[in-house]
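Residues per chain are reported as follows:
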Amino acid sequence: MRLFEEISILLLMALTFLVMPSICAIVAKKRNRSPSGWFLLGFIGAYTLIVLLLLPPAGGAAASYKQLIKSRAVIVITSIYAFSIAGLLTFFAVELLTAK
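Colleague: What should I look at first to understand unusual backbone geometry in this one?
Modeller: Only a minority of non-glycine residues have a phi that is not negative, and only a minority of peptide bonds are not trans. Of note, N32 is a non-glycine position whose phi angle comes to about 60°, a positive value. Tracing the backbone through its elements, the reader meets N32 in the loop between α1 (2-30) and α2 (35-41).

And the structure:
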């Protein structure tokens, strides 16, 4: 059973490290920023996406009120996602370390 838990943790971490850079690249492209650069920065974690969303779009284009509200909602959803993944990883790590 312990091997299954270790594999589960590794799969969850791998999924997180594959999904977050992809989301960063998609958002960067929509905000006229370098998708490849933000893809690489996306490996740092969800905080990269939050920073990207807080930056204004490149090219000096000011976001309309609707876009601003939408980006704030994405920031909240992303933060919830990031902290829930971190909580799950912490839970599994504690369970793995305390299992006998």
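Now, onward.
Colleague: Can you walk me through the packing of α1 against helix α3 (residues 46-54) in this structure?
Modeller: Packed helix pairs are specified by the crossing angle of their axes together with the interaxial distance, meaning the distance between the axes. In contact at an axis separation of 9 Å, α1 and α3 are set at 10° when each is read in the N-to-C sense. Relative to α3, α1 is oriented roughly parallel. The segment α1 lies against α3, with M20, I23, C24, V27 and A28 engaging A46, T48, L49, L52 and L53. Residues of the contact of α1 with α3, tallied by class, amount to 9 nonpolar, 1 polar and no charged.

Colleague: Which parts of the structure should I look at to understand the environment of K29?
Modeller: With respect to the element layout, K29 can be found in helix α1. Given the relative accessible area of 62%, K29 is considered exposed. Residues K29 and P57, 28 residues apart in the sequence, show an inter-C-alpha distance of 9.8 Å.

Colleague: Sorry, what's going on with α1 here?
Modeller: Each full turn of the α-helix corresponds to 3.6 residues, which orients residues three or four apart in the same direction. Helix length check: α1 (29 residues) gives 43 Å between terminal C-alpha atoms against 42 Å at 1.5 Å per residue, within 8%. Where α1 is concerned, the buried positions are I9, L12, T16, M20, P21, C24, A25, V27 and A28. Of the residues one or two after α1, N32 is the one with positive phi, at around 60°.

Colleague: Would you mind showing me how to read a nonpolar patch on the surface here?
Modeller: A surface patch of nonpolar side chains, amounting to about 480 Å² of accessible area, comprises L10, M13, F17, L40 and F43. Top element by residues in the nonpolar patch is α1. It accounts for 3 residues. Tracing the backbone shows L40 in helix α2. With relative accessibility at 59%, the residue L40 sits in the exposed group.

Colleague: What is the right way to look at the nonpolar core in this model?
Modeller: For soluble globular proteins, the rule of thumb is that nonpolar side chains tend to be buried together. The biggest cluster of nonpolar side chains holds 12 residues, and these are M20, C24, V27, A28, W38, A46, L49, I50, L52, L53, I75 and A82. Top element by residues in this core is α3. It accounts for 5 residues.

What counts and what doesn't
- Residues numbered from 1 in each chain as written.
- Predicted model: local features only at pLDDT ≥ 70, side-chain atom pairs only at ≥ 80, totals over all residues.
- Heavy atoms only, no water.
- Helix = DSSP H or I, 4+ residues; strand = E, 2+ residues; numbered from the N terminus.
- Axes fitted to C-alpha atoms, helices over the stretch in contact; angles between N-to-C directions.
- Parallel < 35°, antiparallel > 145°, perpendicular 65-115°, else oblique.
- Contact = heavy atoms within 4.5 Å.
- Nonpolar A, V, L, I, M, F, W, Y, C, P; charged D, E, K, R; others polar.
- Buried < 20%, exposed > 50% of the residue type's maximum accessible area, 1.4 Å probe, protein only.
- Expected span 1.5 Å × (residues − 1).
- Patch = residues over 30% accessible without salt bridge, like charges linked within 9 Å, V, L, I, M, F, W, Y side chains within 5 Å.
- Areas by Shrake-Rupley, 256 points an atom, 1.4 Å probe, with all protein chains shown as cover.
- Salt bridge = Lys/Arg side-chain N within 4 Å of Asp/Glu carboxyl O.
- Core = buried A, V, L, I, M, F, W, Y, C linked by side-chain atoms within 4.5 Å.

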